[in-house]
Structure formats: structure tokens, C-alpha cells
Amino acid sequence: MNVDRELDTRGLNCPLPILKAKKALAEMSSGQTLRVVATDSGSMRDFLAFAKQTGNELLEQSTEGKDFIHVLKRR
């Protein structure tokens with residue numbers, strides 16, 4: 001998947017990955033995509049809730065080893 005920006009939040013716990021993603025999305029244009037890499041297992045449900053609350057589209061979630069990958073599309 002082609003992404004416009006990548007954010008590494010490995011080692012950070014809730015709510016920091018969400019807060020950093022929110023800030024990054026605010027700096028992006030509508031339709032651009034953000035890939036967030038996190039190590040917090042709670043981020044799977046957190047990003048799902050974040051997308052519903054903010055109107056940004058959660059395109060994909062996956063796990064790669066110890067990393068949790070989230071791809072969001074800016075509304």
C-alpha cells in the first residue's frame with residue numbers, strides 16, 4: 001500500500017500513539033494516508049475507536065512480529 005507519511009510510535013503506550021497520529025493527520029491534506037507503527041497491543045482497538053470518533057478512515061490494521069500497523073486516510 002502506498003502511504004504518504006509514516007509515524008513510528010514503537011515503545012510508546014496509550015494515549016501517545018493516538019495523540020501523535022492526530023497531530024500528524026492535522027498536518028496532512030485530505031485523502032492522504034498515514035501509516036502508524038506501534039508496539040502497544042491496545043492500539044488495535046484504540047485506532048479503531050479513533051477513526052470512528054474523528055471521521056478518518058481506518059484502511060488497514062495488521063501485525064508484523066511485535067509491531068501493530070495502522071493505516072489511516074485523512075478525511
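Cut-offs applied
Residues numbered from 1 in each chain as written. Predicted model: local features only at pLDDT ≥ 70, side-chain atom pairs only at ≥ 80, totals over all residues. Heavy atoms only, no water. Helix = DSSP H or I, 4+ residues; strand = E, 2+ residues; numbered from the N terminus. Rg over C-alpha atoms; globule rule 2.2 N^0.38 Å. Buried < 20%, exposed > 50% of the residue type's maximum accessible area, 1.4 Å probe, protein only. Contact = heavy atoms within 4.5 Å. Areas by Shrake-Rupley, 256 points an atom, 1.4 Å probe, with all protein chains shown as cover. Core = buried A, V, L, I, M, F, W, Y, C linked by side-chain atoms within 4.5 Å. Salt bridge = Lys/Arg side-chain N within 4 Å of Asp/Glu carboxyl O. Polar contact = N/O pair within 3.5 Å; in protein donor to acceptor, adjacent residues only side chain to side chain.

Trainee: Just give me the short version of the overall build of the protein, but keep the residues and values in it.
Mentor: Check the secondary structure of the protein and you find two helices and four strands. From first element to last, N terminus to C terminus, the protein shows the α and β order β-α-β-α-β-β. The C-alpha atoms of the protein give a radius of gyration of 11 Å, which matches the 11 Å a tight globule of 75 residues would have. Based on the C-alpha atoms only, the size of the protein along its principal axes is roughly 30 × 25 × 15 Å. Taking all 75 residues of the protein together, the buried fraction comes to 37%. Contacts in the protein between residues at least 24 apart in sequence constitute 64% of all its contacts with a sequence separation of at least 6. Of the accessible surface of the protein, which amounts to about 4400 Å², a share of 47% is contributed by carbon and sulfur atoms.

Trainee: I'd like a description of the nonpolar core, backed by residues and values.
Mentor: L7, I18, A21, A24, L25, M28, L34, V36, F47, F50, A51 and L72 together form the largest nonpolar core, which totals 12 residues. Setting aside anything within four residues of it in sequence, one finds M28 in contact with D4, R5, T33, L34 and R74.

Trainee: Explain the pattern of salt bridges residue by residue, including any values.
Mentor: Opposite charge on two side chains makes pairing possible when the charged atoms of those side chains draw close. Per the stated rule, a full pass over the model turns up seven salt bridges. Here D8 makes a salt bridge to R10, at a shortest N to O gap of 2.8 Å. For R10, a relative accessible area of 42% puts it in the partly exposed group.

Trainee: Run through the side chain of N56, naming residues and quoting values.
Mentor: Residue position: N56 is located in the loop between α2 (43-54) and β3 (57-64). A polar contact of 2.9 Å, which involves the side chain of N56, links it to the side chain of T54. A distance of 2.9 Å separates a polar side-chain atom of N56 from the backbone nitrogen of R75. With residues near it in sequence (within four places) discarded, N56 still touches L25, F50, A51, K73, R74 and R75.

Trainee: Tell me about unusual backbone geometry, and please be specific about residues and values.
Mentor: Looking along the chain, the bond that leaves C14 and enters P15 is cis, with omega of 10 degrees. In this structure, P15 sits in the loop between β1 (5-9) and α1 (16-26).

Trainee: Account for the environment of L34, with residues named and values stated.
Mentor: As for its position among the elements, L34 is in strand β2 (residues 33-38). Distance from L34 to T63, taken between C-alpha atoms, is 16 Å for residues 29 residues apart in sequence. Residues contacting L34, with those up to four places away along its chain left out, are R5, E6, L7, A21, A24, L25, M28, H70, V71 and L72.

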